[in-house]
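Below, each chain spelled out in residue letters.
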Amino acid sequence: MSNQQSKRFINTKNCILSLLFFSFSYNINSMEHPLKEKTPGEFNNSVKIQFACLPHYTEGKDFKGENIRNVSQKIRNEVYESYGIPKASRKQYTIDHYIPLGLLGTNSKNNLWPQPRTEAKIKDSLENKLRKLVCSGKISLNGAQKELLENNWEEIYEKHKN
């Protein structure tokens, strides 16, 4: 390979790598919702809503006082990897439940996704609001779960914020 061909090859390679990096970083930064094919959502049918409405449940404890927010680092890493998020970028995200534990979601990979930290508090307030509405009987558990699965959570937040 001549010197000129070598330089052309390096420039082409750098151009391709730059495009791949830009494309990859754009997809990561634009993620606002779980990807349905990676995170379809999953419900815990072994817990009754009456237990989920007890105050300690939102603190991460079940009716026996056992930790329900136990997601291993191995599972967290698998979720990040399934979404293609490199280790260097993971501090920008938190592993979140698509269907929140307070609405009887699970800790399985089918219900976990890397949520941008900047959005987490807003979504958490929506989850708490929906849980209160369910526990007060104003909406059904199935209705709240269905809303989360079928709609954009920002739209749900606007609908229920008052």
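Residues numbered from 1 in each chain as written. Predicted model: local features only at pLDDT ≥ 70, side-chain atom pairs only at ≥ 80, totals over all residues. Heavy atoms only, no water.

Student: Kindly report on the environment of Arg 117, identifying the contributing residues and their values.
Tutor: Note that Arg 117 resides in helix α4 (residues 117–135). The exposure class of Arg 117 is partly exposed, given its relative accessible area of 48%. Between the C-alpha atom of Arg 117 and that of Asp 96, which follows or precedes it by 21 residues, the distance is 9.6 Å. Sequence-distant contacts of Arg 117, that is, excluding residues within four places in its chain, are made with Lys 91, Gln 92, Tyr 93 and Thr 94. Side-chain polar atoms of Arg 117 contact the backbone oxygen of Lys 91, separated by 2.8 Å. (Helix = DSSP H or I, 4+ residues; strand = E, 2+ residues; numbered from the N terminus. Buried < 20%, exposed > 50% of the residue type's maximum accessible area, 1.4 Å probe, protein only. Contact = heavy atoms within 4.5 Å. Polar contact = N/O pair within 3.5 Å; in protein donor to acceptor, adjacent residues only side chain to side chain.)

Student: So what's going on with unusual backbone geometry? Which residues, and what values?
Tutor: For Leu 104, which is not a glycine, the phi torsion comes out positive at approximately 65°. Counting through the fold element by element, Leu 104 comes out in the loop between β1 (93–97) and β2 (112–116).

Student: Can you explain the pairing of β2? Please cite residues and give values.
Tutor: Taken across its 5 residues, β2 has 5 buried, putting it largely inside the fold. The alternating pattern of β2 places Leu 112, Pro 114 and Pro 116 and Trp 113 and Gln 115 on opposite faces, both of which are buried. Pairing of β1 with β2, which is carried by 5 bridges, proceeds in the antiparallel orientation. Pairing of Asp 96 across the sheet is with Trp 113, part of β2. (Pairing = 2+ DSSP bridges.)

Student: Which residues make up helix α6 (residues 153–160), and what are the values?
Tutor: Each turn of an α-helix holds 3.6 residues, which means side chains three or four residues apart point in the same direction. Regarding α6, the residues found buried are Trp 153, Ile 156 and His 160. Each buried residue of α6 sits inside an arc of 55° when the element is viewed along its axis, so together they form one side. Check the buried side of α6 and you find it contacts β2, α4 and α5 (141–150). (Arc of directions from axis to C-beta.)

Student: For the pattern of salt bridges, give the residues involved together with the corresponding values.
Tutor: In this structure the tally under the stated criterion is 5 salt bridges. The residue Glu 78 makes a salt bridge to Lys 109 at a minimum N-O spacing of 2.8 Å. Here Glu 78 is found in helix α3 (residues 73–82), whereas its partner Lys 109 is found in the loop between β1 and β2, with 31 residues between them in sequence. Given a relative accessible area of 40%, Lys 109 falls into the partly exposed group. In this structure, Glu 147 and Lys 159 form a salt bridge, with 3.3 Å as the shortest nitrogen-oxygen distance. Of this pair, Glu 147 sits in helix α5 while Lys 159 sits in helix α6, placing them 12 residues apart in sequence. Given a relative accessible area of 12%, Glu 147 falls into the buried group. You can call Lys 159 exposed: its relative accessible area is 59%. (Salt bridge = Lys/Arg side-chain N within 4 Å of Asp/Glu carboxyl O.)

Student: So what about the nonpolar core? Which residues, and what values?
Tutor: Counting 17 residues, the largest nonpolar core has Tyr 57, Leu 103, Leu 104, Leu 126, Leu 130 and Leu 148 as the members making the most contacts within it. Secondary structure elements with two or more residues in this core: α4, α5 and α6. Among residues more than four places away in sequence, those in contact with Leu 104 are Glu 42, Phe 43, Asn 44, Val 47, Lys 48, Ile 49, Ala 52, Tyr 57, Ile 99, Leu 141 and Gln 145. Counting 10 residues, the second largest nonpolar core, distinct from the first, contains Val 71, Val 79, Tyr 80 and Trp 113. (Core = buried A, V, L, I, M, F, W, Y, C linked by side-chain atoms within 4.5 Å.)

Student: With reference to specific residues and values, describe the state of the cysteines.
Tutor: What is meant by a disulfide is a covalent connection between two cysteines, made through their sulfur atoms. Under the definition given, this model contains 1 disulfide. Through a disulfide, Cys 53 is tied to Cys 135; the S-S separation comes to 1.9 Å. Across the S-S bond linking Cys 53 and Cys 135, the dihedral sits near -90°, which makes this disulfide left-handed. Here the residue Cys 53 occupies a position in the loop between α2 (49–52) and α3, and Cys 135 occupies one in helix α4, the gap between them amounting to 82 residues. (Disulfide = S-S within 2.5 Å.)

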